[in-house]
Amino acid sequence: MLAMTVVMPLLVVFSGWMQTENVIWEHLAQTVLSDLLKNTAWLLLGVGIGVTILGVGLAWLTAKCEFPGRRYFDWALMLPLAVPAYVMAFVALGLMDFTGPVQTALRQLLGQNNFWFPEVRSTGGVVTVMTLVLYPYVYMLARSSFITQGNSTVEAARILGLNAWAAFFRISIPTARPAIVAGLSLALMETLADFGTVAIFNYDTFTTAIYKAWFGLFNLQAASQLASFLLILVVIALTAERNLRGKAKYHEATRSSRVHRYQLTGWHRWAAVLTASTILLIAFVVPVIQLGLWAWGVLSEDMDVRYVSMLTNTLMLGGMAAVITVIGAMILAFTRRSHDDLVVRSSVNIATLGYALPGSVLAVGIMLTFASMDNVLLTMARLIGWQSPGQILTGSVFALVIAYVVRFLAVAYGPIDSGLGRIRASIAEAARGLGSSPAATLWRIYLPLLRPGLFTAALLVLVDVMKEMPATMLLRPFGWDTLAVRIYEMTSEGEWERAALPAITLILVGLIPVIVLVRRSSKH
Amino acid sequence: MPEILKIHSIRCGYEDSVVVNDFTLNFRETTQNCLLGPSGCGKTTVLRAIAGFEPITSGEIILDGRVISSKDIMIPPEQRGIGMVFQDYALFPHLSVAENVAFGIRKLSKKNQQKVVHEMMELVGLEECVDRYPHELSGGQQQRVAVARALAPEPPLLLMDEPFSNLDNDLRERLALDIREILRQRRTTTLFVTHDQDEAFVIGEHVAVMNEGSIMQWDMPYNLYHEPANRFVADFIGQGRLIDGVLASHESVQTSLGLLAGNRSYEWPPETRVDVLLRPDDVLLDVEEGMSCLITDRHFKGAQIMYTLRTPGGDELLSLVPSHLDINIGQKVKVGVDAEHLIVFRQ
């Protein structure tokens, strides 16, 4: 049933091809499609290289080397995870634009137009911004892999004649490869799904094209055709990732031993400190300070009833989605545990695929599904002689919440499933043996033991929903604003200051799960 | 034969915790040597200093006439040409067995590499496993691959860090014997670290007993057992108990078991208070004439039984006797001592 909820929108997206509106499709194919593909390819390539270098390099530095402040950088370098990419994007624009503080200062220093400055609204600009917010995925996974792989294989390679660098490339990196690839594919999926950043940079990709087809041309068919293209890209990425991981299972055979860190000396240590703090400064400290300054400037005007209603809208949506998603994920996890057959397993796999679906694709799919369901409902309503308002499901909060549930089911499933995996079957059997019914066992045994997992799951969904932009933009009921929507509206008019208050709110909320993650990883 | 490794008065450790202090050890080519000591005694640190993973703060390590470590010199591990077998084997999980073994000989031509790999796999008896990956092997097989990998470049010195500690008892003994055979056959100079004296005695022709960062005794296994140089070695090697005694002359000691004498004389004057080491095989039970002692415990070991006894003077003794001599706890028995090497320490 839950798997169906995910599959329906997907099928519907592809059904867009059945009623081909040739005129528009030809128009699309001739004009934009090649550009879209080219832009997307460059973006993926740039972000892929960027996050791999930054993520792996920093992970190696904090996991394998000792330098002043290493213990702080260790967790601080995960902080950029709390910054939504589109927030980073508009802060970068605001800072680096022609009228922004950086160029203004340079002009005053060097005189009018006496210097070359890179164009911010460019492929390089988008890639840089996305790299800075997405590298923590690679960083976190590579770091824990470097820590658990221990030091003895590297030492074995050294004693067999490799120098430190060769040992790093021939032993450490291949051993950490599954982790690096996993982090990289997460980052690339986020890149494919991203709408806010590319919209702010006016960099046309599939997500912005879907949005334009929908709101600019009011053409759901064109939108769904574009969405299916994007979907194919995601499926390719996903299959590649699964295959790579499948082959790489043997990597987990390593046992961990104590961590031995290279003691950096002389200029090396200061170079390490400088690198780590520069990244941290650009990716987190400067944006947050700039946002703080902007938000402070408009605090008196913007901290009004509207802001409060946006905040409550956002929290309400997030809360609803979190509760429903967690319940759904629990059902999945329990079903998987009690009937572990092929059907159940593949349904679970399908149901948790939603995370890979870009929000815009999902929105198109759900919109089309609900529109057709509406037609049926309306016909039925008319049959029983009831005058209805014209649409029931379409454009309701319900549609939006369903979209969130589909998209973030996997996010909630992860922590719940691993929490459930730690509860041995004999514990539940003991409870049953002591006379407790299945329902009572759930209530008295599973729920208390699962509480940390449930909490993490709900928290992750809540924060992800609050940051989610494309699906919200497309599916929200008219006039129903959330923080993310507000940021989009303000930034599309170039009013960086007015976008700062909701942005900093999102960052503060986004910090909570990052802190949870950091504390958990420090326990290991 | 020339001395291949000279460790001269080295010191390792950090500011406030010195792990190894004034450690000196030399040994010759083609010998199998062992560092034996309780955990935390610094034996692994010495091994890692030789391999080039730990710096030393004074003294020097000389391999084949070349200073490889000193206060100012630290040749990186990859330029030392030493072989090492790690405690967790440290096989490269992403490489096949053949690729693991060939890792240290990649400067050879492909053909020669194959030849060496084949020869090594034959040596350790794993010809059929060349194309497998480390996770597909059992612990004992992984261990053999680790030895093959370390031996492939024909290192002048092979270091082994507790190589059998991750294996179960049965396998451990068999593998230790196999490895000894390989090392002796190839005349590989070896330094082997362990906390297990059985392993040490199987592999080591010479064994250094270590405690708290320095060497307590450097000797052949037979001497370590029968002529321990100090109380620590006496206690650490083998079983036995120390009982009170007073020197009666330069050759004999008065104890609660009567007057004891071995084949040696002691330098201290008569009337000196001493501790006498009695091994379980020195203490005989049910003899014609002797002191009557109480059996307080017995431990059946199949062919033999280990008895714990109390002398009238209150000293505790261990005695290992063939198991057809069956005595119950609480009974008394006449005890005699037959100690050729009667070891005595001054109190």
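Since this is a predicted model, take the numbers as computed values, not measurements. (Residues numbered from 1 in each chain as written. Chains lettered and ligands numbered in written order. Predicted model: local features only at pLDDT ≥ 70, side-chain atom pairs only at ≥ 80, totals over all residues. Heavy atoms only, no water.)

Chemist: I'm lost on the overall build of chain B in this one. Help?
Modeler: The secondary structure content of chain B amounts to 8 helices and 20 strands. Summarising its shape, the C-alpha atoms of chain B cover approximately 75 × 45 × 40 Å along the three principal directions. By residue count, 50% of the 347 residues in chain B fall in the buried class. Here chain B displays about 16100 Å² of accessible surface, and carbon together with sulfur accounts for 45% of that area. One finds the centroid of the 33 positive side-chain charges in chain B at a distance of 5 Å from the centroid of its 50 negative side-chain charges. (Helix = DSSP H or I, 4+ residues; strand = E, 2+ residues; numbered from the N terminus. Buried < 20%, exposed > 50% of the residue type's maximum accessible area, 1.4 Å probe, protein only. Areas by Shrake-Rupley, 256 points an atom, 1.4 Å probe, with all protein chains shown as cover. Lys, Arg positive; Asp, Glu negative; His and termini not counted. Charge placed at Lys NZ, Arg CZ, Asp CG, Glu CD.)

Chemist: So what exactly am I meant to see when it comes to the overall build of chain A here?
Modeler: Scanning chain A from N- to C-terminus turns up 21 helices and 2 strands. The proportion of buried residues among the 524 residues of chain A is 52%. Taking the contacts inside chain A whose residues are at least 6 apart along the sequence as the reference set, 82% of them involve residues at least 24 apart. Carbon and sulfur atoms make up 67% of the accessible area of chain A, which amounts to about 24500 Å² in all. (Contact = heavy atoms within 4.5 Å.)

Chemist: Can you help me understand the pairing of strand β10 (residues 214–219) of chain B in this one?
Modeler: Side chains on a regular strand alternate between the two faces of the sheet. Residue and element names in this part refer to chain B. Judged from the 5 bridges that link them, strand β9 (residues 206–211) and β10 form a sheet pairing that is antiparallel. Pairing of M210 across the sheet is with I215, part of β10. Hairpin remark: β9 followed by β10, antiparallel, with 2 residues in the connecting loop; positive phi at E212, about 45 degrees. (Pairing = 2+ DSSP bridges.)

Chemist: Before we go on, may I ask you to explain the pattern of salt bridges in this structure?
Modeler: Close approach of charged atoms allows side chains with opposite charge to pair. All names here are of chain B. Tallied over the entire structure, the rule returns 18 salt bridges over all chains. Here R264 and E227 are joined by a salt bridge, their closest N and O atoms 3.2 Å apart. Placement of R264 in the loop between β13 (258–261) and β14 (273–278) and of E227 in the loop between α7 (221–226) and α8 (231–236) is noted, with a sequence separation of 37 residues between them. Residue classification places R264 among the partly exposed residues on the basis of a relative accessible area of 24%. (Salt bridge = Lys/Arg side-chain N within 4 Å of Asp/Glu carboxyl O.)

Chemist: Whenever I open this one, unusual backbone geometry confuses me. Can you help?
Modeler: Phi is mostly negative for residues that are not glycine, and the peptide bonds are mostly trans. Residues and elements named next belong to chain B. The backbone phi angle of D64 is positive, close to 55 degrees, even though this residue is not glycine. Tracing the backbone shows D64 in the loop between β4 (58–63) and β5 (66–70). The class of D64 is exposed, set by a relative accessible area of 56%. The phi dihedral of A90 is positive, around 50 degrees, even though this residue is not glycine. Within the secondary structure, A90 is located in the loop between β6 (83–85) and α2 (97–102). Look at A90 and you get buried, because its relative accessible area is 3%.

Chemist: I would appreciate a short explanation of helix α1 (residues 43–51) of chain B in the present structure.
Modeler: For the α-helix, the turn length of 3.6 residues means that residues three or four positions removed from each other point alike. Residues and elements named next belong to chain B. For α1, the tally of buried residues reaches 8 of 9 residues, placing the bulk of the element in the interior. For α1, the set of buried residues is K43, T45, V46, L47, R48, A49, I50 and A51. Just past α1, the residue G52 takes up positive phi, approximately 100 degrees.

Chemist: I would appreciate a short explanation of the nonpolar core in the present structure.
Modeler: A general feature of soluble globular proteins is that nonpolar side chains tend to end up buried together. Among the nonpolar cores identified, the biggest contains 157 residues, and A:V87, A:F90, A:Y135, A:F146, A:F201 and A:L291 are the most heavily contacted of them. With 44 residues, the next largest nonpolar core counts B:V85, B:C129, B:L158 and B:V233 among its residues. (Core = buried A, V, L, I, M, F, W, Y, C linked by side-chain atoms within 4.5 Å.)

Chemist: Whenever I open this one, the packing of helix α4 (residues 139–151) of chain B against helix α5 (residues 169–186) of chain B confuses me. Can you help?
Modeler: All names here are of chain B. One way to put it is that α4 packs onto α5 with a least axis distance of 11 Å and a crossing angle of 15 degrees. The angle between α4 and α5 falls in the class roughly parallel. As α4 runs across α5, the sense of the crossing is right-handed. From α4, G140, Q143, R144, V147 and L151 reach across to α5, where they touch L171, L175, D178, I179, I182 and R186. (Axes fitted to C-alpha atoms, helices over the stretch in contact; angles between N-to-C directions. Parallel < 35°, antiparallel > 145°, perpendicular 65-115°, else oblique. Left-handed = near helix turned anticlockwise from the far one by under 90°.)

Chemist: What is the right way to read the interface of chain A and chain B from this model?
Modeler: As a measure of interface size, the accessible area lost when the parts come together is often cited. Contacts between the two partners involve 24 residues from chain A, matched on the other side by 24 residues from chain B. Together, the buried faces of chain A and chain B total about 2300 Å²; carbon and sulfur atoms form 62% of this surface. Taken together, the links from chain A to chain B amount to 2 salt bridges. In this structure, B:R48 and A:E155 form a salt bridge, with 2.7 Å as the shortest nitrogen-oxygen distance. Sorting the residues of the side of chain A that touches chain B by element identifies α7 (152–159) and α8 (164–193) of chain A as the ones contributing at least two each. When residues of the side of chain A that touches chain B are assigned to their parent elements, the largest contribution, 7 residues, is made by α7(A). Split by residue class, the side of chain A that touches chain B holds 10 nonpolar, 9 polar and 5 charged. (Buried area = accessible area lost by both parts, 1.4 Å probe. Nonpolar A, V, L, I, M, F, W, Y, C, P; charged D, E, K, R; others polar.)

Chemist: Would you mind showing me how to read the side chain of B:R80 here?
Modeler: All names here are of chain B. Mapped onto the secondary structure, R80 falls in the loop between β5 and β6. E78 provides the closest opposite charge to the buried, salt-bridge-free R80, at an N-O distance of 8.1 Å. Within polar-contact distance, the side chain of R80 engages the backbone oxygen of A49 at 3.1 Å. At 2.8 Å, the side chain of R80 forms a polar contact with the side chain of S69. Ignoring sequence-local partners within four residues, the contact set of R80 consists of A49, I50, A51, G52, L63, R66, I68, S69, M74 and I75. (Polar contact = N/O pair within 3.5 Å; in protein donor to acceptor, adjacent residues only side chain to side chain.)

Chemist: Explain the packing of aromatic side chains here, please?
Modeler: By the definition in use, this model includes 17 aromatic pairs over all chains. Centroid distance A:F146 to A:F168: 6.5 Å. Interplanar angle 45 degrees. Geometry classified as tilted. Of this pair, A:F146 sits in helix α6 (residues 123–148) while A:F168 sits in helix α8; the two residues are 22 residues apart in sequence, bridging distant segments of the chain. For the residue pair A:F146 and A:F168, the accessibility class agrees, reading buried in each case. Among the aromatic residues, those joined into a cluster by ring pairs are A:W60, A:F146, A:W165, A:F168 and A:F169. Positioned above the aromatic ring of B:F92, the side-chain terminus of B:R149 is 4.5 Å from the ring centre. One residue, B:R279, lies across the ring of B:Y225, its end atom 4.2 Å from the ring centre. (Phe/Tyr/Trp six-rings, centres within 6.5 Å; stacked < 30°, edge-to-face > 60°. Lys NZ or Arg CZ within 6 Å of the ring centre and 35° of its normal.)

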